[in-house]
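Each chain, letter by letter, is given below.
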Amino acid sequence: METGTFQKKGVGTEEDPIQPDFETAPGGPLGYQPVRWESVGGETATTMTVRYQTQ
Amino acid sequence: MSYAPATFHAGTGEDFFRKEGILVDGMAPLISARYTFPTPDSNSGTAITVTNSVGKAGAVQAVSWTAFDLPSAKSKILAVTYMQPSTTGYIGWGIHDSTTAALVATIKDSYQGIHHPGGNNMHFGSYNASGGFTLLGTDTTFFQENSADQPVMGLGLFADGTDLKMFVKSGTGQWFQILTASAATLTSFHQVYFRQNGLNARFICPMFVWGS
């Protein structure tokens, strides 16, 4: 598991919830959608910090 | 015959949750439905019909919840029950904060843990005061299908301030923690609710809620 901060995406509905956009990591897109991730807090208006399973 | 506490508590998961340090001294049973399903206090969407140990949703597909009021607001909640999705797209638990009125048409100020066979995952998240929904964790490595032949699944949701955890038990397997996250700051809970979208989903005893 690694920890990273990502931009938020989504409009906040159940169909399109607010969630991390794994294509916007500071070091570039992850290139994959993690099969498992969890928020670790520190959420801002535009970003989420999450612990995610690497490939 | 010897006394076997692990076996005694197998149906509720109480032994597991105590061993894991989730269910601790000071948390009192708020809803204890070992054999008889409790009567819901309110609902929206497709209603569930209670028959003995089961609350079964109707066939109509609709975004739905069924709420149970707690005797007083609590800051720490563990809610555990069993469920079978049938063909429903999602099924799960919610814990509603008391800073807003009781649930009405839309869900606000709550944590929610969902078994989501329709989305091939299990996930949890939070609704803010405006009803906006934020995912706080997703696991696509464990879920069951949304079909009538799937085993009954246990689902537990724990909230203690910013600490949110979800637990699962499949069929005769063991309870285990599937997700944990640092969540929003909901701290005063006065309702728990079932979440489903109709399609004959079942909620099944035992149903237990502890809190402090």
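J.: What's the story with the nonpolar core in this structure? I'm lost.
T.: Side chains of a nonpolar character, in soluble globular proteins, are inclined to be buried together. Among the nonpolar cores identified, the biggest contains 38 residues, and B:Ile77, B:Trp93, B:Leu164, B:Met166, B:Val192, B:Phe194 and B:Val209 are the most heavily contacted of them. Those residues within four positions of B:Ile77 in sequence are excluded, and the remaining contacts are B:Met27, B:Leu30, B:Leu70, B:Ile95, B:Leu157, B:Phe158, B:Ala159, B:Phe189, B:Val192, B:Val209, B:Trp210 and B:Gly211. In this structure, A:Ala25, A:Trp37, A:Met48 and B:Trp65 belong to the second largest nonpolar core, which totals 16 residues.

J.: Sorry, what's going on with the sheet that holds strand β9 (residues 121-127) of chain B here?
T.: The pairing of strands in a sheet happens through backbone hydrogen bonds and is either parallel or antiparallel. Judged by pairing direction, the sheet is antiparallel, and its eleven strands sit side by side in the order β2(A)-β1(A)-β4(A)-β3(A)-β10(B)-β9(B)-β8(B)-β7(B)-β14(B)-β5(B)-β2(B) without closing on themselves. Two strands lie at the open edges of the sheet, namely β2 (19-20) of chain A together with β2 (42-44) of chain B, each paired on one side alone. Where strand β5 (residues 64-74) of chain B and strand β14 (residues 189-196) of chain B come together, seven bridges link them in antiparallel fashion. Within the sheet, the bridge partner assigned to B:Thr66 lies in β14(B) and is B:Phe194.

J.: Whenever I open this one, the pairing of strand β15 (residues 202-211) of chain B confuses me. Can you help?
T.: Working note: regular strand, side chains alternate between the two faces of the sheet. Residue and element names in this part refer to chain B. In terms of residue burial, β15 counts as a mostly covered element, since nine of its ten residues are buried. In the sheet, strand β1 (residues 28-33) pairs with β15 via five bridges, with the strands oriented antiparallel. Along β15, the bridge assignment pairs Ile-31 with Val-209. Of the strand pairs in this sheet, strand β4 (residues 54-57) and β15 are connected by three bridges, and their pairing is antiparallel. What sits directly across from Val-54, in β15, is Ile-204. Direction of pairing for strand β6 (residues 76-84) relative to β15: antiparallel, over a ladder of seven bridges. Residue Tyr-82 lies in a different strand from β15, and its bridge partner there is Ile-204.

J.: Sorry if this is basic, but what is going on with the environment of A:Trp37 here?
T.: With respect to the secondary-structure elements, A:Trp37 resides in strand β3 (residues 36-39). In sequence terms A:Trp37 and A:Phe6 are 31 residues apart; their C-alpha atoms lie 12 Å from each other. Leave out the neighbours within four places in its chain, and A:Trp37 touches A:Gln19, A:Pro20, A:Phe22, A:Met48, A:Val50, A:Arg51, A:Tyr52, B:Leu135, B:Leu136, B:Gly137, B:Thr138 and B:Leu179.

J.: What am I meant to see in the packing of aromatic side chains here?
T.: Two aromatic rings are characterised by how far apart their centres lie and by the angle between their planes. Across all of its chains, the model carries 18 aromatic pairs over all chains by this definition. With a centroid separation of 4.8 Å and an interplanar angle of 65°, the aromatic rings of A:Phe6 and A:Phe22 are classed as edge-to-face. Placement of the pair is A:Phe6 in strand β1 (residues 2-9) and A:Phe22 in the loop between β2 and β3, with a sequence separation of 16 residues. Like A:Phe22, A:Phe6 is buried. With a centroid separation of 4.8 Å and 50° between ring planes, the pair formed by B:Trp93 and B:Phe194 is classed as tilted. Here the residue B:Trp93 occupies a position in strand β7 (residues 91-97), and B:Phe194 occupies one in strand β14, the gap between them amounting to 101 residues. One aromatic cluster is present, formed by B:Phe16, B:Phe17, B:Tyr82, B:Phe167 and B:Trp175 through successive ring pairs.

J.: Just checking my understanding: could you explain the pattern of salt bridges for this structure?
T.: Oppositely charged side chains are able to pair whenever their charged atoms sit close together. One pass over the structure, following the stated rule, counts nine salt bridges over all chains. Note that A:Arg36 and B:Asp139 form a salt bridge whose closest N and O atoms lie 2.8 Å from each other. One end of the pair, A:Arg36, is in strand β3; the other, B:Asp139, is in strand β10 (residues 133-139), on a second chain. An identical accessibility class is assigned to A:Arg36 and B:Asp139; each is buried.

J.: Before we go on, may I ask you to explain the interface of chain B and chain A in this structure?
T.: Note on interface size: it is often stated as the accessible area lost on association of the parts. With 20 residues of chain B at the interface, the matching set in chain A holds 16 residues. The contact between chain B and chain A buries some 1300 Å² in all, and 47% of this surface belongs to carbon and sulfur atoms. Applying the counting criterion to the chain B and chain A interface returns two salt bridges. If you look at where chain B meets chain A, you find 13 residue pairs in polar contact (both at pLDDT 80 or more).

J.: Help me out: how do you make sense of unusual backbone geometry in this one?
T.: Backbone phi values are negative for most residues with the exception of glycine, while trans is the configuration of most peptide bonds. All names here are of chain B. Cis geometry marks the peptide bond from Cys-205 to Pro-206, where omega comes out at 5°. Inspection of the secondary structure assignment puts Pro-206 in strand β15. Here the phi dihedral of Asn-120 falls at roughly 55°; this positive angle occurs in a residue that is not glycine. As for its placement among the helices and strands, Asn-120 is situated in the loop between β8 (110-116) and β9. What makes Asn-120 partly exposed here is its relative accessible area of 42%. Residue Leu-199 is not a glycine yet carries a positive backbone phi of 60°. You can call Leu-199 buried: its relative accessible area is 19%.

Rules and cut-offs
Residues numbered from 1 in each chain as written. Chains lettered and ligands numbered in written order. Predicted model: local features only at pLDDT ≥ 70, side-chain atom pairs only at ≥ 80, totals over all residues. Heavy atoms only, no water. Core = buried A, V, L, I, M, F, W, Y, C linked by side-chain atoms within 4.5 Å. Buried < 20%, exposed > 50% of the residue type's maximum accessible area, 1.4 Å probe, protein only. Contact = heavy atoms within 4.5 Å. Pairing = 2+ DSSP bridges. Helix = DSSP H or I, 4+ residues; strand = E, 2+ residues; numbered from the N terminus. Phe/Tyr/Trp six-rings, centres within 6.5 Å; stacked < 30°, edge-to-face > 60°. Salt bridge = Lys/Arg side-chain N within 4 Å of Asp/Glu carboxyl O. Buried area = accessible area lost by both parts, 1.4 Å probe. Polar contact = N/O pair within 3.5 Å; in protein donor to acceptor, adjacent residues only side chain to side chain.

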